[in-house]
There are 4 protein chains.
Amino acid sequence: MRELGIGLIGTGFMGRAHALAFNNARVVFDLPLNLTLVALADADPQRARQCANSWGFETVHSDWQQLIEDPKVHLVAITTPNHLHYPMAMAALAAGKAVYCEKPLAVSLEQAEQMRQAAKAAGVVTRVGYNYQHNPIIQLARDIIQRGELGSIVSFQGEFSEDFMANPASPWSWRCEAAHAGGALADLGSHLLAMARHLLGDVEAVCADSQTVHTRRPASAGDCEQRAIAVDDQVHALLRFSSGARGTVSSSWLKHGFKNHLAFEISGTLGTLAFDQERLNELRLCRAGETGFQRLLAGPELPGYAAFSPAAGHQLGYNELKTLEVQELVLAMAGETGHGTDFEEAWAVERLATAIRLAAREARWVTISEL
Amino acid sequence: MRELGIGLIGTGFMGRAHALAFNNARVVFDLPLNLTLVALADADPQRARQCANSWGFETVHSDWQQLIEDPKVHLVAITTPNHLHYPMAMAALAAGKAVYCEKPLAVSLEQAEQMRQAAKAAGVVTRVGYNYQHNPIIQLARDIIQRGELGSIVSFQGEFSEDFMANPASPWSWRCEAAHAGGALADLGSHLLAMARHLLGDVEAVCADSQTVHTRRPASAGDCEQRAIAVDDQVHALLRFSSGARGTVSSSWLKHGFKNHLAFEISGTLGTLAFDQERLNELRLCRAGETGFQRLLAGPELPGYAAFSPAAGHQLGYNELKTLEVQELVLAMAGETGHGTDFEEAWAVERLATAIRLAAREARWVTISEL
Amino acid sequence: MRELGIGLIGTGFMGRAHALAFNNARVVFDLPLNLTLVALADADPQRARQCANSWGFETVHSDWQQLIEDPKVHLVAITTPNHLHYPMAMAALAAGKAVYCEKPLAVSLEQAEQMRQAAKAAGVVTRVGYNYQHNPIIQLARDIIQRGELGSIVSFQGEFSEDFMANPASPWSWRCEAAHAGGALADLGSHLLAMARHLLGDVEAVCADSQTVHTRRPASAGDCEQRAIAVDDQVHALLRFSSGARGTVSSSWLKHGFKNHLAFEISGTLGTLAFDQERLNELRLCRAGETGFQRLLAGPELPGYAAFSPAAGHQLGYNELKTLEVQELVLAMAGETGHGTDFEEAWAVERLATAIRLAAREARWVTISEL
Amino acid sequence: MRELGIGLIGTGFMGRAHALAFNNARVVFDLPLNLTLVALADADPQRARQCANSWGFETVHSDWQQLIEDPKVHLVAITTPNHLHYPMAMAALAAGKAVYCEKPLAVSLEQAEQMRQAAKAAGVVTRVGYNYQHNPIIQLARDIIQRGELGSIVSFQGEFSEDFMANPASPWSWRCEAAHAGGALADLGSHLLAMARHLLGDVEAVCADSQTVHTRRPASAGDCEQRAIAVDDQVHALLRFSSGARGTVSSSWLKHGFKNHLAFEISGTLGTLAFDQERLNELRLCRAGETGFQRLLAGPELPGYAAFSPAAGHQLGYNELKTLEVQELVLAMAGETGHGTDFEEAWAVERLATAIRLAAREARWVTISEL
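Residues numbered from 1 in each chain as written. Chains lettered and ligands numbered in written order. Predicted model: local features only at pLDDT ≥ 70, side-chain atom pairs only at ≥ 80, totals over all residues. Heavy atoms only, no water.

Chemist: So what exactly am I meant to see when it comes to the relation of the copies chain B and chain D here?
Modeler: For the pair of chain copies, the relating operation is a rotation around an axis with a shift along it. The operation relating chain B to chain D is a screw motion whose rotation component is 180°, with 0.0 Å of axial translation and a residual RMSD of 0.0 Å. Given the turn and translation reported, the copies of this chain are related as if by a two-fold rotation axis. Residues of chain B ranked by C-alpha distance from the rotation axis are headed by Gln294 of chain B, positioned 2.0 Å from it. When the interface residues of chain B are mapped onto chain D, 100% of them again fall at the interface, so both copies present the same face. (Least-squares fit on C-alpha atoms with pLDDT ≥ 70 in both. Contact = heavy atoms within 4.5 Å.)

Structure below.
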């Protein structure tokens, strides 16, 4: 079986999530390639070494460029802060390596555009970590829609809200800088936009409103010094899909009581389905002629679920969505058709988010093709 | 105790709901006026007589103008089809009678404007039947907001969806005619707009999108003949409140699985509250510092609830909201300050709905003061 | 149309609930008898007069025996404290009057036995106020079961819990005296036992455990003086139905967070249904072959609901269940077959409760026929 | 760092769950011992080899006794069918190896008693896979109880129901044989009993009722041949805890709509908490003085959760509970105090289940110390 050498850049939470996913994918799936955890890069060599030991990587680099150049590395996984996605991915593509980059693709649409072009030119597999799409119950939702079980889709109402910035004393962080793809829309909302596209396809036009509620935050926790904040705390938008469906999306990081509320309702002429990431193993469905919603609990009739458990109700967790993302990536690298988010699709998500920002700034409807 | 003579026009579902409410208000509340069910009007004299017997009205009229002229009638309650609200209310105001009119106030903003002016000139009590506002748990929500328990309000996300027109074979009815205040926004959405104003006050600007999904429907049930439909099946809008809060409203009568889903989430700097009319005795609340939502079940600590039951969990129903609406009306007529929806406020609701329609038609933000 | 003269004894919460129900039944239903609110009795003549005015009764009595003797009274409604049910009902039966008595039927099985015999001898209509059974969605549940849609019934798991006595500082009241049919089982649990019988029929044998958690309570609110308490704060029991179904029932008035949690799950070979009185307009149903529960929201396809509202989702409240109870009673008095709880059935509920107490006291299985 | 050599017997679903957990524990936790996946045993050498490759084991054995004798194996993990737990665990203990055995401990109380004695004699660490207890939110529940936040515990109402045997055409399997620890009580209910003990301690006495609803099932799927079934399809029991708390437990594998409904409500003098394994990341809590239940969603304030994710709402899955179980086991082997289920505790669970069976068979209360 062909080798697939993995090089991972970054040892934060998301780096470890990747490491877990690579390890688990080997145990859980009958993969067409032989995954090898070749190299781990972190600027701090001691941390790199320690993590490599725990996570099962063979070698370490304190210079990520060396990792990219390592001939045993076929796939470069990027889990560093957002502004580094661009230089790292561009370097990897230039070296002809496949790239698995965390979301968002980039910190500007210009960067995203270049990355998309570079990926096309390189002709390699690229993937961006919109992991929520790999939930088997989201696959079920997509199948229900694509099989026409909801009829013609009429509306999408989506929201991604959390409350981790609700407290005005929550300090400034890189998430508060536009130059690092901060703000509720970029940080949370982009997952929702990616999901909307994953399920319903292209958006044609948007109108939007966004707001910075807390315009100053402590420079660090408990700090008296304040920093000015310019990114959005919340955004609301209207969407027109190319299919004719209409809808709304909202995103906020100020909404008390919500922790991971990536939720949507999709209504069609033959039924409605509803999902909330806070209960990621459930889908609610009402078909025409039925009185109310039925709760579907993920079970082994869904292939992605069956890989982890033979019994309904056992439930998958966040990290297993990541493992499913890795599986799809490996299948794509083996030439088996995949449906994952490549740089082309991730660019389209960035373009949609950019259109929403423009619509909010200029208080008008924006056609996506303007961008 | 002073008499309050009631004249009721209309014997449909809503006429009976009024009759029930007048009867129950006398049993349940210690009212400052002595309610008398003076007269009932219906074009069909036999039906008028039969209903008057069941509902406890003293006399009947087949001509509603006679009811208005009856000197024993002090309050005229109007429950006829929407296009009749205007002539009946105008006649009652001209006769110096108080008016209790079902929603919507009128079938055009021009009519509503005239009714508002006439009410001001007449100097009588006017009320419009936005009964959902009289739910004691909505009063609790309003108190929570007004006491500042949610802090500064940041967002309102509201929806009123049902599915009674979801089936394309559901036939044409007056609800499908703009001239009768039809369409999802006017029929359902106006309740939501009234609620938004009731809880958060004036709206400054709106942007919106609306859609007729089923452009033809059978002329009557099972009929082969089709009628063209021009009113909205669904509408989505962005709202900017004068207070600075932002939000979305959606309304649809096509959404499978929803029966009376007048629902909202209101988020402030200190908490979030959520409500759904399909569970009208419940409020969900999360305060800053709490991990998740708590369910509040209406109980006798709420005065409007205590009037009906001494025990939490017993639950109020739709008809009891109407009885509470009547109580507020009677208090207003006795000169005790009320908070009900008068013609001035109902006009403001119509103006807001009209602004939403304009914004949808012209695909732009509309400032309410344009109208 | 024949007259049905009502005499009501008692002006407390439950008296008023009866008054509301009689008034509403006349407005809402097309009854076969002409209800007349003949007389109201209360030991305090001033209160009797005041309530009679508000509630629409023609005359008042301070002596309930005079009310019973009034020849215009055909039906005696008893809403006094539990220990008075026996003498009042026996007097009414002796006078050949129909009786509508609040639950529980009596404060001892001996009394209940005499009342049942007297009712049989009198040959009049008797009813006991197990109002929760008149919920249209409970009728739907019963129909589902009786039509065999759940297959053969395998289990019943029921609970009626509240928290109004959870605070040990909640003072002594008549509810703490066995001689007044106090204790969680008699006060709350009897509703559950009546419901179990209403839905699944006879119980053959029981085993049970009960407990007094707070053995002393203040004599009155805030009082330093304590009174010893002997009645049960909670009870748990195993049930064997004659049909072969098995189950559990629990009742507590100490369970924080529950306000009116009369809930059950009924499981059969072809499906499961679930209900909770705290959401009285909903039933949850899962049929064999379906993945999860579907929520059914009461709507006008249920006749009892349609009487109050033409639209699903409007919701009925507690008081409307009482109005439905009155309707059934009036139908029974008109000779149309009824399914309400008569003295025979109410005695069977008392016998079942008595068997549970015996099983708990003697720590053994008790066959109902022992009693 | 000291080596901990793992030998795993069994390659079914549960064997793979162990393999996943060992792999993940190394990535996620900073363990005090160096886990080595030494050997995997399966009767089929080819399957053993294939799984060992995927799962990362160094060597394989087709004879489990050789695995036990392997000097590099310090811990023997047993995931074979239930009737093999006894010989394998006894052999491992005889060899002085630590044992990590899947539940149930044994197929009879006599076996369990011998295993408990052997474990005590060997003086090694033993663990039994009651993995649901390792859920961080269950730890939170236990902490809440042990800190006295619910006051004195009054009641436990527990249930473990599924529907995988609801269809009478579901064929016979080893789960239908008492000699293999089959039946709803042994298969599902034992998890619930273990949980009840984990949270509330010893049980003193039980009374119970159990039933075989489908007494014959196809010998295999679609087979005309039927086999007689003697094990319980459902059981209901009353429990008296040594602490004075009372309660009920129910277990069924016939209950349509339930997939992994290991659920309980624990009520104390100061509050109530509720849990359902079908939503394993949630706890519902109502404290005295609060109106209703609050939903607590697992987050990084719980150490076991933080190990996997830095953000609330991300959610853990079934397999991660297993990883947490492995962590506790490794800590115990390093001499750090653990709270896991050892053979002594697992024997107590078996004794409790046996008492329930006896109580059901003899239709009487059984004191646990009788056994």
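Further notes follow.
Chemist: Is there a simple way to think about the pairing of strand β11 (residues 234-241) of chain A in this case?
Modeler: Walk down a regular strand and you will see the side chains alternate between the two sheet faces. All names here are of chain A. Most of β11 sits out of view: seven of its eight residues are buried. Pairing between strand β8 (residues 203-211) and β11: eight bridges, direction antiparallel. Its bridge partner lying in β11, Val206 is registered against Leu239. As judged from the seven bridges shared by β11 and strand β12 (residues 246-252), these two strands associate in the antiparallel manner. In the sheet register, His236 faces β12, and the bridge partner there is Ser250. (Buried < 20%, exposed > 50% of the residue type's maximum accessible area, 1.4 Å probe, protein only. Helix = DSSP H or I, 4+ residues; strand = E, 2+ residues; numbered from the N terminus. Pairing = 2+ DSSP bridges.)

Chemist: Would you explain the environment of Leu358 of chain A in this entry?
Modeler: All names here are of chain A. By the secondary structure assignment, Leu358 is in helix α10 (residues 343-362). Looking at Leu358, the relative accessible area reads 11%, which means it is buried. Here the alpha-carbon distance between Leu358 and Leu283, two residues 75 residues apart in the chain, equals 33 Å. Non-local contacts of Leu358, meaning those with residues more than four positions away in its chain, are made with Ala363, Arg364, Val366, Glu370 and Leu371.

Chemist: What is the right way to look at the interface of chain B and chain A in this model?
Modeler: The figure often quoted for interface size is the accessible area lost as the parts come together. Listed per partner, the contact involves 43 residues of chain B and 43 residues of chain A. For the chain B and chain A pair, buried surface summed over both sides reaches about 3300 Å², with 54% attributable to carbon and sulfur atoms. The residue Asp209 of chain B makes a salt bridge to Arg246 of chain A at a minimum N-O spacing of 2.9 Å. For the side of chain B that touches chain A, the secondary-structure elements that each account for two or more residues are β7 (153-161), β8 (203-211), β11 (234-241), β12 (246-252), β13 (261-268) and β14 (271-276) of chain B. Top element by residues in the side of chain B that touches chain A is β11 of chain B. It accounts for six residues. Its residues assigned to classes, the side of chain B that touches chain A comprises 16 nonpolar, 19 polar and eight charged. (Buried area = accessible area lost by both parts, 1.4 Å probe. Salt bridge = Lys/Arg side-chain N within 4 Å of Asp/Glu carboxyl O. Nonpolar A, V, L, I, M, F, W, Y, C, P; charged D, E, K, R; others polar.)

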